Each structure stands twice: as structure tokens, then as C-alpha cells.
Amino acid sequence: MAVKEGFGALTEKEKQTLRLIVRGHDAKSVARSLGLSVHTINERLRDARRKMAVSSSREAARLLFESEGGQPTPPIPELFGDRGIGEAAGDVAMDQGMASISGARRITRHPWIVIGVLLMTFALGLLAFVAMPQAASSPPAAPVAAAANPEVMDATRQWLALIDHDRWDDSYRVTGSSFRKMNTVQVWTDVSEKMRASLGAMMSRTFLSEENLPAPPYGYEVVKFRAHYANKPDAVETVTLEREDGAWHVVGMIIE
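From a predicted model like this one, the values you see are computed outputs, not experimental measurements. (Residues numbered from 1 in each chain as written. Predicted model: local features only at pLDDT ≥ 70, side-chain atom pairs only at ≥ 80, totals over all residues. Heavy atoms only, no water.)

Two numbers describe how helix 2 (residues 12-22) lies on helix 4 (residues 38-52): the axes approach to 9 Å, and their chain directions differ by 100°. Our classification of the angle between helix 2 and helix 4 gives roughly perpendicular. Note on element contacts: helix 4 touches helix 2 through Ile41, Arg44, Leu45, Asp47, Ala48, Lys51 and Met52, opposite Lys13, Glu14, Gln16, Thr17, Leu18 and Ile21. Here the contact of helix 2 with helix 4 is built from residues that sort into six nonpolar, two polar and five charged. (Axes fitted to C-alpha atoms, helices over the stretch in contact; angles between N-to-C directions. Helix = DSSP H or I, 4+ residues; strand = E, 2+ residues; numbered from the N terminus. Parallel < 35°, antiparallel > 145°, perpendicular 65-115°, else oblique. Contact = heavy atoms within 4.5 Å. Nonpolar A, V, L, I, M, F, W, Y, C, P; charged D, E, K, R; others polar.)

Rendered as C-alpha cells:
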């Protein structure tokens, strides 16, 4: 009963923040996405935890997620640079308080967000909060090469090799069905070409970590690399894979 009353007490800004948390963001990346300070995001999360009588922001996010039917609003397929997903060049900037969880107003400081066009699909958003520890800001994962799944790593590296050589059609065809269902090859090509123009050519890539997000039937694998691009020498790539038809397929990617 207390939780139900807590839902009604949440502001739209607090709900917006929790919806991003359930998609795997932490306070720092939520702040970047919305163009706010980490202090402001932490204040929202603290108020949300108090209203919902829970000690964890991810628990509050999970409860809100379930109360809204268990399926977050999917992002519109385009996320690149300092423009919100699907935002036309001449559009008026969106007010932060009314921004959707997948696209914030224009800001001048944004991570080099790419490719994932629908980085967090429904199931990934459902499980992200389960596997990640509660923290206001999470540092990059330390290398854990011994834990790497060879099958996952092979699928990831083969897919990255395709995009390194600008083979957008081929890379699209081997993504997971959840990705292709919500994106067209033309959208993928357009976003990828914009990414390539900004980042420049791939110079080198070093494995950082692999993490499993448990979910039926096979879970999700999240693989991180340190990447050196011609125009961004210290990037971090995060690739998410889903198992389908006996093999692992990429369903999203972020470069920041």
C-alpha cells in the first residue's frame, strides 16, 4: 500500500529519472542525458526513494517499471551527438521536465553516443537494474579477461570489424531481431555514417570487461572496450548482445 501511495506522490521528473535508471544508467549518465548536474539527479532519486519507502534507487526504478506495465517506452531510432533522438534540425529544444526518457533537450555537453539507436530494448531495460550495484556514479569496469565468454567475444569482434570497415548493411543483418524490428537498415546507415564522420577512423581497441545480465532464457552480455578513434582517442565502447537461434547477436552499442 505504501508503495502504491508512493507512485502517486512521484513527480514527472522523478519518474523520468527512474525510467532512465531502469535502462541501466547511473546518476552520472542520467545527468549527462538530461543536461543536469549529478547533484540534481541524486536529489530526485533521494526524493523518489523516500516517497516509495525503499533504500535503493534501482529498487524504486524496478517498482515503477512494473507498475507501468513492465515495458518502458522504446526510444525513437536516432541517438547521436548533442541532438535528442529523432529531433529535427529546426526543432525547438524540449523542456527538461517534459522530455521523454529516451531523448533530452539540446545540451552542449554530451557523450559520444552512438550507435545503439535503441541501445536498451525492453528486456535489457527490465534486467539492467538487477545486475548493477546501487551507486551514484560507476567508474569504468576493470579488465577481467579471464571471465570473457569466447563465443560472445567472437560475435562482438566480428560485428565490430564490420562497422570498422563501414559495412553498415552487413552489420545490420547480423543484429538481433529486437534491434531490426525497431530500426530499418536506412536509419542504421544514416546514424552510423554520422558517427563515422564525427569519430573518424578506428585506430585501436582494447578489451575492458564482460558482464552478464541474467534474464530468461539466456540473459544479456555487455562487453566494454577502450577504443582509440582518430577524433576521439579515449573512447569507451559498450556493446550489448542477446542470444537468439543458438548464437549471440548485437542489440545495441554506445560510444562515450
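Having put the structure on the table, let's press on.
What follows deals with the pairing of strand 4 (residues 247-255). In terms of residue burial, strand 4 counts as a mostly covered element, since eight of its nine residues are buried. As judged from the eight bridges shared by strand 3 (residues 235-244) and strand 4, these two strands associate in the antiparallel manner. Across the sheet, the residue bridging to valine 239 is methionine 253, located in strand 4. Counted between consecutive antiparallel strands, the loop separating strand 3 from strand 4 contains two residues, among which aspartate 245 sits at a positive phi close to 55°. (Buried < 20%, exposed > 50% of the residue type's maximum accessible area, 1.4 Å probe, protein only. Pairing = 2+ DSSP bridges.)

Per the counting criterion, the structure on display carries four aromatic pairs. For the ring pair phenylalanine 179 and tryptophan 188, a centre distance of 5.5 Å and an interplane angle of 85° mean the geometry is edge-to-face. Overall, the relative accessible area of 1% leaves tryptophan 188 in the buried class. One aromatic cluster in this structure is built from Trp159, Tyr172, Phe179 and Trp188. (Phe/Tyr/Trp six-rings, centres within 6.5 Å; stacked < 30°, edge-to-face > 60°.)

Along the polypeptide, leucine 162 turns up in helix 7 (residues 150-164). Residue class for leucine 162 comes out buried when judged on its relative accessible area of 14%. Residues leucine 162 and tyrosine 172 lie ten residues apart in sequence; the distance between their C-alpha atoms is 9.5 Å. Setting aside residues up to four positions removed in sequence, leucine 162 forms contacts with Arg167, Asp170, Ser171 and Val174.

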